[in-house]
Amino acid sequence: MKQLKNNFKYEWLLLIRNKFLAIPILINFVIWAYVIYGKFQFGAGITVENQFYQYFIFILLFNLFIVGILAVYIVNRDRNSKFEQLAMTYQVRNWQWLTSKWLIVQIYGLVITFFTVIIQVIWFFTASMNATEVLKQSIYTFVQMGGALFIIVSFGFLCAVLIPNIFSYLAIPVLIIVSVFLPFDNTGMSLEYDNPRFHLLTPFDFMFVETPYEGIWGIERVFDDTLIHQVAVYVIAILIFAFMLFIFKRNRRSKGEKQVLLALLAITMAVAFFISFIRFTDYNQAFNQYVETGNYYLETFLLDYEGKSEEEYYDYIYQYYDEMQDDEPYDFSIETSDLDVLLKEGHQLEATNQLTIKNNGKEATNEVFLTLNHQLEVTECSSERELSCLIDGDFITLQLTEPIQPNEEFEMKLTYGGKILQYFDEGNGESAFIDKQRVFLPKSAGWYPLIGKRALFQVMEDEQLYVKFRMRNTRQVEDFPTQFNVSLQSAGVEVPLRMSIPKAENGNFTGKTKHGLELIGGNMVEQEVAGIRVISHPQLQERLPEIINKYHQAWTGLREWFDLDLMPEAIFVLPSNQYYDQINHTENLYLLNEDMVYGEALENHVANAVYRQVLQSGIPHPNTFRDGGSTDEVDFYDRTILNELFEWSIYYQMKQESFTKYKPEGNWEKEYDQKMEIIKEMEKQGDEYLLAFTRYLYDASNELTNRSEFNIEKLAESFEKEMKK
């Protein structure tokens, strides 16, 4: 140990004398200063956690490169100067010589890690975060960054020993690029040739690295599993270093040193295998469940469209997948639903549901259908009316002995329970879960009985992915409203709970809605803006009123001009990975992506989002308005112009901008420009005149049975004739 101590002092002296090593730390400081400055430039629209983790990965990659190159340099330096040959003639052992260098580089990596964590702690305390939250965020950053630098140092030493020339420096950037970018496309999804399980082999745990921060669910989703993954990384780093010692100048290796190294290799290999197996098992379970769910709904989906041509099949799927509500009209309704729910840790729930079901059709029938997630086991299905319950997957068929007549109601009781845990993106994230610090049960999870037969997932074949399909939760709306009375209890769930219906008293919620029930628990607050309930992360409170008011203006304008009432009663502001593949909006609820809550181009974003809401609302409306959506060149420009007019009418309500100013510049065809001249002439008569024409076009488009007959020039002519009457 004395020799190791002497070597370490020598390396330490060289380290602190090297002024160039201060440059990476200075670059880190400048980048973080810029990031923090950018946060204040954007305002309070994004949280400090979100901003920090958006840049953390890129800064970490930079530091990986620097520290990895330094590790290679430390080994090559003495070898190239021939000092290593001289040192090898003294009584210094292999492990003493290399371990002192390895420790010095590790200390340099630790300095950068501590520097980052200190900045994070100071910055995070400027937000409304308690000490426990800040501590967990700091531990997460420390183990992620520390583990990545720890293992890259070992790789650097191994590369320098295996490649005793200048090419050893190239090994580090190649290693970083291959390990980080090769398995993925630019959206983070695995490609056809890439098994998603390989993602666990990267320096980061890709299952979490894309979104280590999750808004109202905080760091809780990633914290424990990240610690397990990073412990494996630390152990593997020691294993690599031990292997490097084992192959370094074997002729100088003593018998005792060899035995110690073999023992170290065996121990670290066993520990690394054991911990990696735990982490792999976790992800493999999520991946397998995702595949199982996809296959379950894929078979159902294909059967529904059997007989269509392949071209029609994909046209329909893309249209349905992107724009349409997953609404299937049904004559029956749930008039009242009294729901008692007990939430437990481990994604468990128990529920008792008293239902009043009504026949709104014109014919009597013996069968009524309900939808309930097949993961939940029904233990009681009863009614004073004589009936039997047949359960097949997600569907419950109530077979009544006496037919239920039109406008007749009957009551029944369902008791059920089980585990609700669903995944998206090949198992990379959960789309429905119940845990100690986070709860998310969207309606589409089917965690309570829905009327009719409803598909809980939409699956689309995708040959580009390893699993050959994509999957999302469905966007469901009801034909009739339901009066919900919900009593919530929890065992082990420690976060406040909110629902899409208002809270009446402790643990009870009540409201009448066609949308249904969404249940969310996490680090969140509720505020009222423009008469709308807004549930969000606490740090967004300051910024949200401005944004919600913009939406309110847009929705008000739509109601006044086009009789489109899209104003929700509640808005949930969710992280992007939960917003993705979830419902955007329904009658009472609007889901807002918190990543889009920026201070710049707000009006453009709101106009675009509200226009998509129009397209997805199920309102009769040409569904090929989007650029490239039409396959008919004759009406392509007409539809594009109506698209722009409609978006402008939303934008106008917020900014009072002229259409000509709003219209984006582009390299359009001559035919398009000629049609636009008509619009410009109308605009000269005032915005109100152009708004009236937009409404005229909108009504005309809805009345057409053959949408290819939509012609702006003819409609403009008829509109102006009517205006002159």
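What counts and how
- Residues numbered from 1 in each chain as written.
- Predicted model: local features only at pLDDT ≥ 70, side-chain atom pairs only at ≥ 80, totals over all residues.
- Heavy atoms only, no water.
- Helix = DSSP H or I, 4+ residues; strand = E, 2+ residues; numbered from the N terminus.
- Buried < 20%, exposed > 50% of the residue type's maximum accessible area, 1.4 Å probe, protein only.
- Contact = heavy atoms within 4.5 Å.
- Salt bridge = Lys/Arg side-chain N within 4 Å of Asp/Glu carboxyl O.
- Pairing = 2+ DSSP bridges.
- Phe/Tyr/Trp six-rings, centres within 6.5 Å; stacked < 30°, edge-to-face > 60°.
- Lys NZ or Arg CZ within 6 Å of the ring centre and 35° of its normal.
- UniProt positions renumbered as here; feature names shortened; annotations may be inferred.
- Core = buried A, V, L, I, M, F, W, Y, C linked by side-chain atoms within 4.5 Å.
- Axes fitted to C-alpha atoms, helices over the stretch in contact; angles between N-to-C directions.
- 1 Å grid on protein atoms, 1.4 Å probe; cavity = no way out; pocket = protein on both sides within 12 Å on 5 of 7 lines; lining within 4 Å.
- Points joined across faces, edges and corners; volume = space filled by probe spheres on them.
- Disulfide = S-S within 2.5 Å.
- Expected span 1.5 Å × (residues − 1).
- Arc of directions from axis to C-beta.

Novice: Got a sec to walk through the overall build of the protein chain? Specific residues and values, please.
Specialist: If you tally the helices and strands in the protein chain, you get 19 helices and 22 strands. The buried share of the protein chain, taken over its 725 residues, is 54%. Long-range contacts, defined here as pairs at least 24 residues apart, represent 72% of the contacts in the protein chain between residues at least 6 apart.

Novice: Please provide a residue-by-residue account of the pattern of salt bridges, values included.
Specialist: A complete count under the given rule lists 23 salt bridges for this structure. Among the salt bridges present, the one from Arg-77 reaches Asp-78, with a minimum N-O distance of 3.3 Å. There is no split in this pair, since Arg-77 and Asp-78 are both buried. For Arg-454, the salt bridge goes to Glu-478, with nearest N and O atoms at 3.3 Å.

Novice: Tell me what's going on with the pairing of strand β22 (residues 589-593), and back it up with residues and numbers.
Specialist: With five of five residues buried, β22 is to be regarded as a mostly interior element. Every second residue of β22 is oriented toward a common face, with Leu-589, Leu-591 and Asn-593 on one face and Tyr-590 and Leu-592 on the other, all of them buried. Pairing between strand β21 (residues 570-574) and β22: five bridges, direction parallel. Looking at β22, one finds that Ile-571 is bridged to Tyr-590.

Novice: I'd like to hear about the environment of Leu-456, residue by residue, with values.
Specialist: Along the chain, the position of Leu-456 falls in the loop between β11 (450-451) and β12 (457-461). Leu-456 gets classed as buried once you look at its relative accessible area, which sits at 0%. Leu-456 sits 62 residues away from Asp-394 along the chain, and the two C-alpha atoms are 8.2 Å apart. Ignoring any residue separated from it by four or fewer positions in sequence, one finds Leu-456 in contact with Tyr-297, Thr-371, Asn-373, Asp-394, Ser-444, Ala-445, Gly-446, Leu-450, Arg-472, Asn-473, Thr-474 and Gln-476.

Novice: Could you give me a rundown of unusual backbone geometry, with the residues and numbers involved?
Specialist: Located in the positive-phi region is Asn-407, a residue other than glycine, with phi close to 70°. In this structure, Asn-407 sits in the loop between β6 (395-404) and β7 (409-419). Asn-407 gets classed as exposed once you look at its relative accessible area, which sits at 57%. Despite not being glycine, Ala-530 shows a phi value in the positive range, around 55°.

Novice: Now, about the packing of aromatic side chains: what can you tell me, with residues and values included?
Specialist: One pass over the full model with this rule turns up 41 aromatic pairs. Aromatic side chains Phe-83 and Trp-97 sit 6.0 Å apart centroid to centroid with 40° between the ring planes, which places their arrangement in the tilted category. Taken together, the residues span a long stretch of sequence, with Phe-83 in helix α4 (residues 83-87) and Trp-97 in helix α5 (residues 94-124) at a distance of 14 residues. For Phe-83, a relative accessible area of 31% gives the class partly exposed. Since its relative accessible area comes to 5%, Trp-97 is described here as buried. Seen from the ring of Trp-97, Lys-101 lies directly overhead, with NZ or CZ sitting 4.2 Å from the centre.

Novice: I'd like a description of the pairing of strand β3 (residues 365-371), backed by residues and values.
Specialist: As defined by bridge partners, β3 adjoins β6 across six bridges and the pair is classed as antiparallel. By the bridge assignment, Thr-365 is partnered in β6 with Ile-404. As defined by bridge partners, β3 adjoins β11 across two bridges and the pair is classed as antiparallel. For Leu-370, the partnering residue across the bridge sits in β11 and is Ile-451.

Novice: Any details on the UniProt feature "transmembrane region" (unreviewed entry) in the protein chain? Residues and values, ideally.
Specialist: As recorded in UniProt, the sites labelled "transmembrane region" (unreviewed entry) are residues 20-40, 52-75, 103-126, 138-159, 166-184, 227-248 and 260-280. The distance separating the terminal C-alpha atoms of residues 52-75 is 34 Å; by composition the span is 100% helix and 0% strand. Its end C-alpha atoms 32 Å apart, residues 227-248 is made of 95% helix and 0% strand.

Novice: If you had to explain the nonpolar core to someone new, which residues and values would you point to?
Specialist: In terms of nonpolar packing, the biggest core is built from 73 residues, with Leu-343, Leu-349, Ile-357, Val-368, Leu-370, Tyr-416 and Trp-447 touching the most fellow members. The leading source of residues in this core is helix α10 (residues 255-304), at six residues. The contacts of Leu-349, once residues within four sequence positions are left out, are Leu-342, Leu-343, Leu-376, Tyr-416, Gly-417, Gly-418, Ile-420, Ile-434, Leu-441 and Trp-447.

Novice: Pulling in residues and values, what's your account of the sheet that holds strand β20 (residues 532-536)?
Specialist: Across the sheet, four strands lie side by side as β19-β20-β21-β22; this open sheet has mixed pairing. Looking at which strands have only one partner, the edges of the open sheet turn out to be β19 (525-529) and β22. Neighbouring strand axes in the sheet, compared pairwise and without regard to direction, differ in orientation by 25° on average.

Novice: Account for empty space enclosed by the protein, with residues named and values stated.
Specialist: Where empty space is left becomes clear once a probe the size of a water molecule has been rolled over the atoms. Summed over all chains, the structure comprises two cavities of 30 Å³ or more. Put simply, the largest cavity is a space of about 110 Å³. Lining of the largest cavity is provided by 16 residues; of these, Ile-334, Ile-451, Glu-478, Thr-482 and Phe-484 occupy positions nearest its centre. Residue assignment for the lining of the largest cavity shows that the elements contributing at least two residues are β1 (332-344), β11 and β14 (482-491).

Novice: Now, about the side chain of Thr-268: what can you tell me, with residues and values included?
Specialist: Assignment of secondary structure puts Thr-268 in helix α10. In this structure, Thr-268 is in contact with Val-235, Ile-238 and Leu-239, ignoring residues within four places of it in sequence.

Novice: Report on the state of the cysteines, specifying residues and quantitative values.
Specialist: By definition, a disulfide links two cysteine residues through a covalent bond between their sulfur atoms. Within this structure, the stated rule accounts for one disulfide. Cys-381 shares a disulfide with Cys-389; S-S distance 1.7 Å. What sets the handedness of the Cys-381 and Cys-389 disulfide is the S-S torsion sign, and at about -60° it is left-handed. Cys-381 gets classed as partly exposed once you look at its relative accessible area, which sits at 22%. The partly exposed category is assigned to Cys-389, whose relative accessible area is 25%.

Novice: Describe in detail helix α1 (residues 2-17), supporting the description with residues and values.
Specialist: Taking 1.5 Å per residue, 16 residues should reach 22 Å; α1 reaches 23 Å between its end C-alpha atoms and fits that length. Along α1, the residues that are buried comprise Leu-4, Asn-7, Glu-11 and Leu-15. The buried side chains of α1 occupy one side of the element, clustering within an arc of 80° when seen end-on. Set apart from the buried face of α1 by more than 90 degrees, the exposed residues are Lys-2, Lys-5, Lys-9, Ile-16 and Arg-17.

Novice: So what about the sheet that holds strand β10 (residues 439-441)? Which residues, and what values?
Specialist: Spatially, five strands are ordered β8-β9-β10-β18-β15 in an open sheet, and the strand pairing comes out antiparallel. With one partner strand each, in any of the chains shown, β8 (422-424) and β15 (497-499) form the two edges of the open sheet. Geometrically, the sheet is characterised by an average inter-axis angle of 35° between neighbouring strands, direction not taken into account. Across three bridges, β15 lies against strand β18 (residues 519-521) in antiparallel orientation. The residue of β18 that forms the bridge with Met-499 is Leu-519.

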